[in-house]
Amino acid sequence: MEGLRIIFPMNTHSFRWIRLTAFSAIAAAAITSCASAATDFNQVGKQMSLLLQNFHFSRKEFSDDLSNKFLETYLRKVDPSKIFFTQQDVDALKKKYGRELDDYLMSGQMMDAAKAMHALYRQRAMQRIAYARDLLKQGGFTFTQDKTIERSRRKIDSWPRDEAEMQQVWKDMVEEQLLSETLRRETVARLAKEQNKPDPLANEKPVEEKLLMRYERIQRNIQETDLEDVAETLLSAVALTYDPHTDYMGARQVDRFKISMSPELTGIGALLGGEDDGSTKINGIVVGGPADKSGELKLNDRIVAIDSNNSGEMVDILFMKLDKVVDMIRGSENSQIRLKVEPADAPGQAKIITLTRSKVPLKDELAKAEIIELNGAPDGQNRIGVLSLPSFYADMDGGDRRCAADVKKLLERMNREKVDGLVIDLRNNGGGSLEEVRLMTGFFTGRGPVVQIKDTRGNVDVKTANNREKLFKGPIVVLINKLSASASEILAAALQDYGRAVIVGDTSTFGKGTVQQPVDIGQYLPYFSARDRAGLLKVTTQKFYRVPGGSTQLKGVESDIQLPTATAAFELGEEILDYAMPYDQIPPCHNYKKDSAIAGMLPALKAASAERVEKDRDLQIAKEDIAMMKQRIKDNKLSLNKKVREQENASLEERRKSINQERKTRFAQMAKDDAAKYKIYRLTLDDINAPELPLANPEKDNEQFMHVAEDPTAELDDSPEYPSGLDPELREGINIVQDMLKQQTPAK
């Protein structure tokens, strides 16, 4: 990977909600042997430590203070909700390892500390889970106490003081889980009765038994941890202490990362999910993949054993970690795999299915578009394109599927269709390849600088688009939210800085203004060392800056026009992450020209948008939802009293019903208005050369990529679907493009 420059996607796991069913992505366990036993992780730790100090942007040297932070990061990583260690445990770990972890790493003795800390973690985790299982078996919870607990324990400053306090934490957590599951089942039963439908949960196992199975899965997962997992946990904590996007990835994680950057994978084409009963459920089947073509594997079927190489030996996967199940199912192209499956319509009657792996395109992750024709609008203002970019993908193994090439094809077809204006949807786009963004920016700006990149020595490299002219010349709106990060921010910033687009959405993007490069640690190990499982250091080596000189680090790209987005209620963004790097500025590029047209029309665009938002019932509901969610997060309280919770739920249910009742009438009229106002054409990469573009059909178009299993309670949700597949934020983006078309002549 030497010489490869990539802006890695943001670490979305940094703000995933940790629930008791998951505990931690790195739940430690009894250390078992693994195929990589020959890997000397002491040497891996030593070399990674040297690489960090020499390659990271900060060039920060190890010290006692930094060593203490390594341990703090490790503790937050393995016990983010402070439900395993007591304060006594933490104090003992700090006393023994706080000032010494850097010495363990640099002296090649890292695994001594890693295994000892892991052993304590395993002991405590198993102890807590066993206690929770005992509580469930004993029963006796009444849900009558007037007590609240923290909705999220992540913001709690300290661990429980001792065992007595820890046991109380677990008593409360188990009671809350029982209460939540009981209330869920009662709500589903009531809705089913109101709608004269059968209760989809009527045959589920008792609540206590379901939770016991959930703990069983956690315990089994704990027992699967091997030396590679133990090393990865500590090394990742060390790396993350330098900044939130520097990380260590073990060999398994490297493989998964490559797959995440690619728009295709080699496997059977099935979306898997772990069930409480220990099985692995088929939640989705990719259209055109091996599972789909065979017709033998069905939605909601459960896989219970796998013969990964069709060798004749089945491996029981009951309660196995989902990521390891996925690893077993993936394999080389044209290889065969056998699955032992319990059909959804015949539980307990297992059958054997043999499939041949193949490359499966993840089409729902590819760039795609729609063309919206506005009936009655004047020529030159009546065709608006919507370009959706889930990520800036690139095949890291040398394949020819690349985001910029795909976008070019879509834009060329849009030009042939005489599209006048464009909405680029970057919502939830966490980033990807810098090279793809550089190429893509030129499609809209023409030749000129795209982004400045500064290394630790202060050297600045300007990345330039070399397009002779713009591929798309009309006005542009870019939709963003707090989950638009990294490479997304480069594109949004460049289009804003060139005056080529109005940025619309959340207050700002995520704020990740750093560049990471992958370093293969195996290349730095002693000559005769085993290298294949050494893993990779994803290290921040550079920061990127906008062409006027300001960084997107921490600040992100601020919207020109703000909307009440779905992400606005949540605490998201670089600024909330530990050890985030600072904002700064460098001198601007002088060889670019900003179009002043948007600056001139922006006041009128803002005023028109604000007037529409004020009248848009759904955006006003979104504002109310945001305020309610922010208050809930601020309060961070959850009652253990069933009557209180029932009252809270009743209030929410009354509001939901009122909103749905109003929407049913209004959406029906909107659908009629849309049919008269819009004609929406689908434009995917499969449609590029079609003689005529097909009309979009939101329900059927989704099914062209993957057949997805529905939640058994989904039919009880009587919330009406938003008309035409155009959500409120997207509709407002289209409205703003219309305003721009009315006010300006398309650029020459």
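Definitions and limits used
Residues numbered from 1 in each chain as written. Predicted model: local features only at pLDDT ≥ 70, side-chain atom pairs only at ≥ 80, totals over all residues. Heavy atoms only, no water. Helix = DSSP H or I, 4+ residues; strand = E, 2+ residues; numbered from the N terminus. Rg over C-alpha atoms; globule rule 2.2 N^0.38 Å. Buried < 20%, exposed > 50% of the residue type's maximum accessible area, 1.4 Å probe, protein only. Contact = heavy atoms within 4.5 Å. Areas by Shrake-Rupley, 256 points an atom, 1.4 Å probe, with all protein chains shown as cover. Lys, Arg positive; Asp, Glu negative; His and termini not counted. Charge placed at Lys NZ, Arg CZ, Asp CG, Glu CD. Core = buried A, V, L, I, M, F, W, Y, C linked by side-chain atoms within 4.5 Å. Axes fitted to C-alpha atoms, helices over the stretch in contact; angles between N-to-C directions. Left-handed = near helix turned anticlockwise from the far one by under 90°. Nonpolar A, V, L, I, M, F, W, Y, C, P; charged D, E, K, R; others polar. Pairing = 2+ DSSP bridges. Expected span 1.5 Å × (residues − 1). Polar contact = N/O pair within 3.5 Å; in protein donor to acceptor, adjacent residues only side chain to side chain. Phe/Tyr/Trp six-rings, centres within 6.5 Å; stacked < 30°, edge-to-face > 60°. Lys NZ or Arg CZ within 6 Å of the ring centre and 35° of its normal. Salt bridge = Lys/Arg side-chain N within 4 Å of Asp/Glu carboxyl O. Parallel < 35°, antiparallel > 145°, perpendicular 65-115°, else oblique. pLDDT = per-residue confidence, 0-100.

1. Some details on the overall build of the chain
And step 1. Regarding its fold elements, the chain presents 19 helices and 23 strands.
And step 2. Whereas a compact globule of 748 residues would reach a radius of gyration of roughly 27 Å, the chain reaches 27 Å, a difference of no more than 12%.
And step 3. Along the longest, intermediate and shortest principal axes, the C-alpha atoms of the chain span 70 × 70 × 55 Å.
And step 4. Out of the 748 residues in the chain, the part that is buried amounts to 53%.
And step 5. For the chain, long-range pairs separated by at least 24 residues make up 79% of all intrachain contacts whose partners lie at least 6 apart in sequence.
And step 6. Approximately 33200 Å² of the chain is accessible, and the part contributed by carbon and sulfur atoms is 48%.
And step 7. Taken together, the 108 basic and 115 acidic charged side chains of the chain have centroids lying 2 Å from each other.

2. Brief notes about the nonpolar core
And step 1. If you look at the biggest cluster of nonpolar residues, it comprises 65 residues, and the most contacted ones within it are Phe85, Trp170, Ile521 and Leu537.
And step 2. Per element, the largest residue contribution to this core is 14 residues, and it comes from helix H5 (residues 110-138).
And step 3. Setting aside its immediate chain neighbours within four residues, Ile521 contacts Val44, Gln47, Met48, Leu51, Tyr248, Ala534, Gly535, Leu536 and Leu537.
And step 4. Core analysis: the second largest hydrophobic core is formed by 48 residues, Met414, Leu426, Phe444 and Val450 among them.

3. Quick word on the packing of helix H2 (residues 64-78) against helix H3 (residues 87-97)
And step 1. Put simply, H2 and H3 touch, their axes get as near as 10 Å, and they point 145 degrees apart. Relative to H3, H2 is oriented so that their crossing is right-handed. Facing Ser67, Leu71 and Leu75 of H2, the residues of H3 in contact are Val90, Leu93, Lys94 and Tyr97.
And step 2. Looking at the contact of H2 with H3 residue by residue, the classes come out as five nonpolar, one polar and one charged.

4. Comments concerning the pairing of strand S14 (residues 448-455)
Taken residue by residue, a regular strand's side chains alternate between the two faces of the sheet.
And step 1. Burial of S14 is extensive: eight of the eight residues sit out of reach of the surface.
And step 2. Here six bridges tie S14 to strand S15 (residues 460-465), and the two strands are oriented antiparallel to one another. The residue of S15 that forms the bridge with Pro449 is Thr464.
And step 3. Count of turn residues in the S14/S15 antiparallel hairpin: four residues, of which Gly458 carries a positive phi of about 90 degrees.

5. Here's the deal with helix H19 (residues 728-743)
And step 1. For H19, which comprises 16 residues, the first-to-last C-alpha distance of 23 Å matches the rise-based estimate of 22 Å (1.5 Å per residue) to within 8%.
And step 2. Of all 16 residues in H19, 14 are buried, a share of seventy percent or more.
And step 3. With a side-chain oxygen positioned 3.0 Å from the backbone nitrogen of Glu729, the residue opening H19 is Asp727.

6. Some words on the environment of Phe57
And step 1. Relative to the elements of secondary structure, Phe57 occurs in the loop between helix H1 (41-55) and H2.
And step 2. Owing to a relative accessible area of 14%, Phe57 belongs among the buried residues under this scheme.
And step 3. Residues Phe57 and Gly474, spaced 417 residues apart in sequence, show a C-alpha to C-alpha distance of 39 Å.
And step 4. With residues near it in sequence (within four places) discarded, Phe57 still touches Lys454, Asp455, Thr456, Thr540, Thr541, Gln542, Lys543 and Met581.

7. A word on the sheet that holds strand S20 (residues 561-562)
And step 1. Here seven strands make up an open sheet; going across it, the order is S20-S17-S16-S13-S12-S11-S22 and the pairing mixed. Looking at strand neighbours, the two that pair on one side only are S20 and strand S22 (678-683), the edges of this open sheet.

8. A few points about the packing of aromatic side chains
And step 1. Enumeration according to the criterion identifies nine aromatic pairs in this entry.
And step 2. Ring plane angle 80 degrees and centroid distance 6.5 Å describe the contact between Phe55 and Tyr524, whose orientation is recorded as edge-to-face. With Phe55 in helix H1 and Tyr524 in the loop between strand S18 (514-520) and strand S19 (536-545), this pair connects stretches of sequence that are 469 residues apart.
And step 3. When its relative accessible area of 33% is taken as the criterion, Phe55 is described as partly exposed.
And step 4. Between Phe62 and Phe70, the ring centres sit 5.1 Å apart and the planes meet at 70 degrees, which makes this aromatic pair edge-to-face. Accessibility classification places Phe62 together with Phe70 in one group, the buried group.
And step 5. Above the ring of Tyr583, the side-chain terminus of Lys555 is found at 4.1 Å from the ring centroid.

9. Let's talk about the pairing of strand S8 (residues 336-342)
And step 1. The pairing of strand S6 (residues 302-307) with S8 spans five bridges and is antiparallel. When the sheet's bridge partners are listed, Arg302 is paired in S8 with Glu342.
And step 2. As judged from the six bridges shared by S8 and strand S9 (residues 351-356), these two strands associate in the antiparallel manner. Residue Gln336 lies in a different strand from S9, and its bridge partner there is Thr356.

10. Examining the pattern of salt bridges
And step 1. Summed over the entire model, instances satisfying the criterion amount to 59 salt bridges.
And step 2. Among the ionic pairs, Arg645 bridges to Glu176, the shortest N-O distance being 3.1 Å. Residue Arg645 is located in helix H17 (residues 642-677), and its partner Glu176 is located in helix H6 (residues 163-194); the two are separated by 469 residues in the primary sequence.
And step 3. Between Asp618 and Arg663 there is a salt bridge, with its nearest N and O atoms 2.8 Å apart. Of the two residues, Asp618 sits in helix H16 (residues 617-635) while Arg663 sits in helix H17, which places them 45 residues apart along the sequence.

11. Considering unusual backbone geometry
And step 1. Non-glycine residue Phe319 carries a positive phi angle of around 70 degrees.
And step 2. Position of Phe319 among the secondary structure elements: in the loop between strand S7 (315-316) and helix H11 (322-329).

12. Examining the side chain of Thr540
And step 1. Mapped onto the secondary structure, Thr540 falls in strand S19.
And step 2. Judged by its relative accessible area of 0%, Thr540 is buried.
And step 3. Leave out the neighbours within four places in its chain, and Thr540 touches Phe55, His56, Phe57, Asp243, His245, Thr246, Thr514, Val515, Gln516 and Met581.

13. Some words on the packing of H5 against helix H8 (residues 227-240)
Axes are the key here: two packed helices are described by the angle between their axes and the distance separating the axes.
And step 1. Between H5 and H8, the shortest axis-to-axis distance is 10 Å and the interhelical angle comes to 100 degrees. One finds that H5 runs roughly perpendicular with respect to H8. Here Met110, Met111, Ala114, Lys115, Met117 and His118 of H5 lie close against H8, whose contacting residues are Leu227, Val230, Ala231, Leu234 and Leu235.
And step 2. For the contact of H5 with H8, the residue count by class is nine nonpolar, one polar and one charged.

14. Remarks on the environment of Leu201
And step 1. Looking at where Leu201 falls in the secondary structure, it is placed in the loop between H6 and helix H7 (207-223).
And step 2. Overall, the relative accessible area of 5% leaves Leu201 in the buried class.
And step 3. Sequence-wise, Leu201 and Ser180 are 21 residues apart; in three dimensions their C-alpha atoms are separated by 15 Å.
And step 4. Contact partners of Leu201, with chain neighbours within four places excluded, come to Arg184, Arg185, Val188 and Thr713.

15. Considerations on H8
And step 1. Over its 14 residues, H8 runs 20 Å from end to end, which matches the ideal 20 Å to within 8%, given 1.5 Å per residue.
And step 2. With 13 of its 14 residues buried, H8 lies for the most part within the structure.
And step 3. Two or three places before Glu228, at the start of H8, stands the capping residue Asp226, its side-chain oxygen 3.1 Å from that residue's backbone nitrogen.

16. What to know about the confidence of the model for the chain
And step 1. Considering every residue of the chain, the mean pLDDT works out to 90; 93% of them sit at 70 or more.
And step 2. Confidence drops under pLDDT 50 across residues 1-8; counting only partners more than four residues distant or on other chains, this segment forms 41 contacts.
And step 3. Throughout residues 11-37 the model reports pLDDT below 50, and contacts reaching past four residues in sequence, or to other chains, amount to 76 contacts.

17. Observations regarding the side chain of Thr684
And step 1. Mapped onto the secondary structure, Thr684 falls in the loop between S22 and helix H18 (698-703).
And step 2. Among the residues examined, Thr684 registers a relative accessible area of 6% and is labelled buried.
And step 3. With residues up to four places along the chain from it excluded, the contact list for Thr684 reads Lys368, Leu410, Gln704 and Phe705.

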